[in-house]
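Observations on chain architecture
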Protein chains: 2
Amino acid sequence: MRRLADAMGVQAGALYRYFATKQDLLTAMAERMVGSVVDAVDAVDAAGPTGDGDWSARVARLARALRTALLAHRDGARVFAGTHSTGPNTLGFAESLVGVLREAGFGDGEAARALYAVANFTVGHTLEEQAALRPGDGGLTDAGALYEATVAGTYPHLAATLPVLTTTDFTAHFEFGLRLLLDGLRAVRR
Amino acid sequence: MRRLADAMGVQAGALYRYFATKQDLLTAMAERMVGSVVDAVDAVDAAGPTGDGDWSARVARLARALRTALLAHRDGARVFAGTHSTGPNTLGFAESLVGVLREAGFGDGEAARALYAVANFTVGHTLEEQAALRPGDGGLTDAGALYEATVAGTYPHLAATLPVLTTTDFTAHFEFGLRLLLDGLRAVRR
DNA sequence: ACCTGAACACCGTTCAAGT
DNA sequence: ACCTGAACACCGTTCAAGT
């Protein structure tokens, strides 16, 4: 709060004329972060000349746009996960994703739960991705620590998959998980 | 740190004889939290008299055990997501999940990425679940705020799915997402 | 070897007082 | 109406000094 106030040439206490708490400020930041998501996806949906109208392609675009929006800001995923905006951008994202699925023939329960599954996976993934990119903390993907623990302990399966586990290609990891969810939705659809 | 030290009848500074930073303490807590996961699942795997040896059932048990372990502690998901233990419990969980999939015929890349997908979804879901259960913060599932925003704005799809969106049956939400991932893995397997 | 006491440089938040 | 100045009750962390 003091740092933000400094950047605005003001005292920290002055911020409390606009936001009741730091949490409220963070919620407003989260709402702003996802502002680009729905608009960007709608534009592609409207302009798509090929088979881009497919429900699974639309859901994929929404998920990718959410990840991209979070990645565009330092600690974006952590801010988003730690707040719960009910503003038009956040609700608009939910409305779009649920809408795509309902119009594709999914039931209300399936559409609502698919929203949660896709959103929670996307946020969980991006949380991990941004943590791994932070200096001095690489998570499970910290090749050094994982490698040592792997050769020291007895983890044959981790040893065999080390190259993939320590890859920094987070886009590939994200796309794999997203594909699992979409293939799963296709199976649910009967 | 001061509160923990108080509970131990000691000064806060004394804790730094055992952990270099608060982060290290939290990492040790996360490692301890998941201690029960692998053992519990292994016991079921060994004792299962029916078709419980199925790879998808084993992965499901691992994911459920992780969620249960996180739910058993206040802010369990947040602590787990905010740290990156390379201790035997955390690596043992990864080893088990990757092992089940590799032995079921999945490739190294698929197994490693499936681990990330399942773990990130589980942590993302439980983060949301524990946030919703905290007082004064219900997230998207806060029926009141969501209801008002829904009738005020123009969100027909959210309005139609409100009953499901505001359900407090988080187990059902979790199971749905988990099923999507497992069905997706079945599809990947060719 | 382990802990105390005390400090350092911070936090989020409040509120009388100014203009 | 909006901001300052100053405080309150905290933080994580360090470190000489004790035993």
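Our subject in this report is the structure included herewith. (Residues numbered from 1 in each chain as written. Chains lettered and ligands numbered in written order. Predicted model: local features only at pLDDT ≥ 70, side-chain atom pairs only at ≥ 80, totals over all residues. Heavy atoms only, no water.)

Side note on the protein's contact with DNA strand D
Just so we agree on the cut-off: To be near a molecule or strand, a residue needs just one of its heavy atoms within 4 Å of it. In the analysis that follows, any N or O atom pair within 3.5 Å is treated as a polar contact, provided that within protein one partner can donate a hydrogen and the other can accept it, and provided that, for residues neighboring in sequence, both atoms belong to side chains. Residues were grouped as follows: Ala, Val, Leu, Ile, Met, Phe, Trp, Tyr, Cys and Pro as nonpolar; Asp, Glu, Lys and Arg as charged; and all remaining residues, including Gly, as polar.
Gln11(A), Tyr18(A), Arg2(B), Tyr16(B) and Lys22(B) are the nearest of the 13 residues found near DNA strand D. Those atoms of DNA strand D that come within 4 Å of the protein belong to sugar or phosphate at a rate of 53%. Within the side chain of Tyr18(A), one N or O atom sits 2.8 Å away from a phosphate oxygen of DNA strand D. One of the backbone N or O atoms of Met1(B) is found 3.2 Å from a phosphate oxygen in DNA strand D. Looking at the surface near DNA strand D residue by residue, the classes come out as five nonpolar, three polar and five charged.

Things to note about the relation of the copies chain A and chain B
One copy of the chain maps onto the other through a rotation about an axis plus a displacement along that axis. To keep it simple, the criterion reads: When the copies are superposed, the least-squares fit draws on C-alpha atoms of residues that have pLDDT of at least 70 in both. Between two residues, a contact is recorded if the distance between any of their heavy atoms is within 4.5 Å.
For the pair chain A and chain B, the superposition axis carries a translation of 0.0 Å, the fit reaches an RMSD of 0.0 Å, and the rotation angle comes to 180°. Such a turn and shift between the copies fits a two-fold axis. Here 100% of the contact residues of chain A are again contact residues in chain B; the copies associate through an equivalent surface.

Some thoughts on the layout of surface pockets
Condition: Grid spacing is 1 Å over the protein atoms alone, the probe is 1.4 Å, and a cavity is where that probe fits but cannot get out, while a pocket is an open set with protein on both sides within 12 Å along at least five of seven lines and lining residues have an atom within 4 Å of a point. Grid points are joined across faces, edges and corners, and a volume is the space filled by probe spheres set on the points. A run of DSSP states H or I qualifies as a helix once it reaches four residues; a run of E qualifies as a strand once it reaches two. Both are numbered from the N-terminal end.
Of the volumes computed, that of the largest pocket is approximately 1,600 Å³. Taken together, 45 residues line the largest pocket, and the ones lying closest to its centre are Lys22(A), Leu26(A), Asp75(A), Arg78(A) and Val79(A). Per-element accounting of the lining of the largest pocket gives the leading share, eight residues, to helix α2 (residues 22–33) of chain A. For the lining of the largest pocket, a count of residues per class yields 20 nonpolar, 13 polar and twelve charged. Here the second largest pocket is characterised by a volume of approximately 480 Å³. Forming the boundary of the second largest pocket are Met1(B), Arg3(B), Leu4(B), Lys22(B), Leu25(B), Leu26(B), Met29(B), Arg74(B), Asp75(B) and Val79(B). Those elements that place two or more of their residues in the lining of the second largest pocket are α1 (2–7) and α2 (22–33) of chain B. Element by element, the count of residues in the lining of the second largest pocket is highest for α2(B), at four residues. The class makeup of the residues in the lining of the second largest pocket is six nonpolar, no polar and four charged.

What to know about the interface of chain A and chain B
Our working definition: By buried area we mean the combined loss of accessible area, with a 1.4 Å probe, across both parts when two parts are placed together. A pair is scored as a salt bridge if a Lys or Arg side-chain nitrogen falls within 4 Å of a carboxyl oxygen belonging to Asp or Glu.
Listed per partner, the contact involves 55 residues of chain A and 55 residues of chain B. Carbon and sulfur atoms make up 72% of the surface buried where chain A meets chain B, a total of about 5,300 Å² over both sides. Taken as a group, Arg113(A), Tyr116(A) and His157(A) account for 14% of the area that chain A buries against chain B, more than any other trio of residues on that side. Linking chain A with chain B are zero salt bridges, by the criterion used here. Applying the counting criterion to the chain A and chain B interface returns twelve residue pairs in polar contact (both at pLDDT 80 or more). Elements that contribute at least two residues to the side of chain A that touches chain B include exactly α6 (88–103), α7 (108–133), α8 (143–152), α9 (156–165) and α10 (170–188) of chain A. Counting residues per element, the side of chain A that touches chain B draws most heavily on α7(A), which supplies 16 residues. Among the residues making up the side of chain A that touches chain B, the classes are represented as 30 nonpolar, 15 polar and ten charged.

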